[in-house]
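Residues per chain, in single letters:
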Amino acid sequence: MSRTDLDIEPESGPPPRDDRAFLGQPKGLLTLSGLEVWERFSFLGMQAILVLYFADTVAHDGMGMSAGTAASVSAAYGTLVYLVSVAGGWLADRILGSYRAVLWGGILIACGHYAMAVPTTGTTWVGLGLISAGTGLLKPNVATMVGKLYRTDDDRRDAGFALYYMAINIGAFAGPLVTGWLGDHKGWHWGFSAAAIGMTLGLIQYVAGRRHLAGRKHSAEFALSPDAMRPAIRLIVTGLAFTAAVAFLLAAAGWLTMDRFVDLLTLVSVIAPAVYFAVMFSSPRVTPEERGRLRPYVVLFLASTVFNFILFQAYSTMILLASTNAETTVLGFGFPAGWYASALGAFEVALAPVVAALWVRMGRRQPHASNKIAIGVVLGGLSFLLMVLPTSGHSSDDYLMSVWWIVGSYLLLGLGDVLLETSGMSATTKLAPAAFAGQTMSLWFLSLALANGIQAQTVKLYDDVSKPAYFGVNGAIAVAAGLLVMAAAPWLRRTMHPVH
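Residues numbered from 1 in each chain as written. Predicted model: local features only at pLDDT ≥ 70, side-chain atom pairs only at ≥ 80, totals over all residues. Heavy atoms only, no water.

(A) Examining the environment of Gly 191 more closely. As for its placement among the helices and strands, Gly 191 is situated in helix α7 (residues 188-208). Looking at Gly 191, the relative accessible area reads 0%, which means it is buried. When the C-alpha positions of Gly 191 and Ala 117 are compared, they lie 7.7 Å apart, and in sequence the two are 74 residues distant. (Helix = DSSP H or I, 4+ residues; strand = E, 2+ residues; numbered from the N terminus. Buried < 20%, exposed > 50% of the residue type's maximum accessible area, 1.4 Å probe, protein only.)

(B) Quick look at the confidence of the model for the chain. For the chain, the average pLDDT comes to 81, and 88% of its residues sit at 70 or higher. Of all helices and strands in the chain, the one with the weakest mean pLDDT is helix α1 (residues 3-7) (39), whereas helix α17 (residues 467-487) scores best (92). The low-confidence segment residues 1-11, where pLDDT is below 50, has 20 contacts with residues more than four positions distant or belonging to other chains. (pLDDT = per-residue confidence, 0-100. Contact = heavy atoms within 4.5 Å.)

(C) Structural context of the layout of surface pockets. Approximately 2000 Å³ is the volume found for the largest pocket. Leu 80, Val 84, Ala 133, Leu 240 and Thr 243 are, among the 48 residues lining the largest pocket, the residues nearest its centre. Contributions of two or more residues to the lining of the largest pocket are made by α3 (67-96), α4 (98-116), α5 (121-148), α8 (226-252) and α9 (258-282). Across the lining of the largest pocket, the residue classes tally to 40 nonpolar, seven polar and one charged. (1 Å grid on protein atoms, 1.4 Å probe; cavity = no way out; pocket = protein on both sides within 12 Å on 5 of 7 lines; lining within 4 Å. Points joined across faces, edges and corners; volume = space filled by probe spheres on them. Nonpolar A, V, L, I, M, F, W, Y, C, P; charged D, E, K, R; others polar.)

(D) Summary view of empty space enclosed by the protein. A complete count under the given rule lists three cavities of 30 Å³ or more for this structure. Space inside the largest cavity adds up to approximately 290 Å³. Taken together, 24 residues line the largest cavity, and the ones lying closest to its centre are Arg 40, Tyr 82, Tyr 165, Leu 311 and Phe 312. Where the lining of the largest cavity is concerned, the elements lending two or more residues are α2 (28-55), α3, α6 (157-185), α10 (288-311), α12 (340-362), α15 (403-431) and α16 (437-458). Considering only residue class, the lining of the largest cavity consists of 14 nonpolar, five polar and five charged.

(E) Representation of the environment of Met 63. Inspection of the secondary structure assignment puts Met 63 in the loop between α2 and α3. Remark: the alpha-carbon pair of Met 63 and Val 51, spanning 12 residues in sequence, is separated by 9.7 Å. Non-local contacts of Met 63, meaning those with residues more than four positions away in its chain, are made with Tyr 53, Phe 54, Asp 56, Val 58, Thr 121 and Trp 125.

(F) Broad picture of the side chain of Asn 141. Positionally, Asn 141 belongs in helix α5. We classify Asn 141 as buried; its relative accessible area is 0%. Aside from chain neighbours lying at most four places away, what touches Asn 141 is Gly 88, Gly 89, Ala 92, Ser 98, Ala 101 and Val 102.

(G) Main features of the packing of aromatic side chains. Inspection of the entire model under this criterion finds 15 aromatic pairs. Their ring planes at 20° and their centres at 5.0 Å tell us that Tyr 99 and Tyr 206 sit as a pair that is stacked. In this pair, Tyr 99 is assigned in helix α4 and Tyr 206 in helix α7, connecting sequence segments 107 residues apart. Each member of the pair, Tyr 99 together with Tyr 206, is buried. Relative to Phe 471, the ring of Phe 384 lies with its centre 4.9 Å away and its plane at 75°, an arrangement referred to as edge-to-face. With a gap of 87 residues between them, Phe 384 in helix α13 (residues 369-386) and Phe 471 in helix α17 connect regions that are remote in the sequence. Residue Phe 384 is classed as buried on the basis of its relative accessible area, which comes to 1%. (Phe/Tyr/Trp six-rings, centres within 6.5 Å; stacked < 30°, edge-to-face > 60°.)

(H) Expanded view of α13. The end-to-end C-alpha distance of α13 is 26 Å, a good match for the 26 Å that 18 residues give at a rise of 1.5 Å each. Among the 18 residues of α13, 14 are classified as buried, and the element is accordingly described as predominantly covered. (Expected span 1.5 Å × (residues − 1).)

(I) Here's a closer look at the environment of Glu 39. With respect to the secondary-structure elements, Glu 39 resides in helix α2. Sequence separation of Glu 39 and Ala 195 is 156 residues, and the distance between their C-alpha atoms is 8.6 Å. Those residues in contact with Glu 39 that lie beyond four places of it in its chain are Ile 109, Thr 135, Leu 138, Lys 139 and Met 199. Side-chain polar atoms of Glu 39 contact the side chain of Arg 40, separated by 2.6 Å. (Polar contact = N/O pair within 3.5 Å; in protein donor to acceptor, adjacent residues only side chain to side chain.)

(J) View of the packing of α2 against α5. Two elements in contact, α2 and α5, have axes separated by 11 Å at closest approach and are oriented at 150°. One element, α2, and the other, α5, form an angle in the roughly antiparallel class. Both α2 and α5 take part in a crossing whose hand is left-handed. Counted together, Leu 29, Leu 32, Leu 35, Glu 36, Glu 39, Arg 40, Phe 43, Met 46, Leu 50, Tyr 53 and Phe 54 of α2 and Thr 124, Trp 125, Leu 128, Ile 131, Thr 135, Leu 138, Lys 139, Val 142, Met 145 and Val 146 of α5 form the full contact between these two elements. Tallied by class, the residues present in the contact of α2 with α5 amount to 15 nonpolar, two polar and four charged. (Axes fitted to C-alpha atoms, helices over the stretch in contact; angles between N-to-C directions. Parallel < 35°, antiparallel > 145°, perpendicular 65-115°, else oblique. Left-handed = near helix turned anticlockwise from the far one by under 90°.)

If you want it as structure tokens, here you go:
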């Protein structure tokens, strides 16, 4: 298929008949949701077994890391994934355009998963690097493309994002089922192979449905001038080559160890959003009205960070806990520990349409976006506080808790995720300054990078403190943060117009 076939369309908007062709929503929502089904299938399918692969013994084809180190490295990988999203948003806005950024991001992700399917340590790290780069291109720009399907004042917007989130969590449910079974019965790299095939299917579906998308034109919306484009591309290529060379030399000299790399990513995850907010607040391209809407967005950013700090541990500490201290049988049927991650996706698939229908039914009477986000953060904290009960009162670490404790924790976490992520992504597309549209969505994903960066340090304590203390303290902090956002609701309602 030629580049012209993939990239160039005569018009940028979808056909008018598409506006209510998918359950009353634009048909482009079906195309983008279908892509995310397979992207989440591959990403979270791999994520469900990655920490187990890191922690498994070398004799069993694992990496032989301790539980705390495995969780920390897994979180550092997540940090890198979302840090790259800043570059992904900028490349879409200034060079590639949203459609091509998503397309090439998906290609890099697929190549990364195919690399991880090769059973060597070197290809594992190469694969994780490719997936990080690809996800940074794909994730912020898919969400931005969903936002472009709606007018800012369209009451279907939150419901559309809820349906989008329900669809992608079908992949989050199915991915761990497939990769978890293959990893447990055939080997970890068989699970990574399934993730590669899933991303390939997503790319085929995306290209086939491109005519239904808004913003699919060849050029970027805020493209650099031709004179600025060439130096920018040269600078990007040179910078990447220089960074790779320096990293190789430092690693060869023994200075750039895994622990130092994790610490460096955490530091960058803290600095990057602070710098990015400063740039957007001071940019002459941002109007005073847009600048006023960025202030409440800082609160939403911090709320997202706290919640996702809890959420991402569903694929690290919670999976590790399930693999050592939770039953893996239901009614006599045994299952891999990685299948617990599917419970989170299942709850989100089940709850997202209920939430979407509720918002449509309530219309203008629905809770303000800030209150939806605050409730999500509180539920995330409660999911960890719940784990204090089954992990308390044991004289040794060889106990097994009931399946339903972890399932119940994932139920609270899944409902919180539906409330926070759908409202947060929808609010982001409304609050974004026009000149930073794709990059503001990247800033939302920087909250995920910061959450992972903090997690990369915190999970190092997983082996050193008691499980009740670990889950109790983290859960209590999240609940307190959610209550603070609720307390700020009057100010947020005044300053977040036109978000309601």
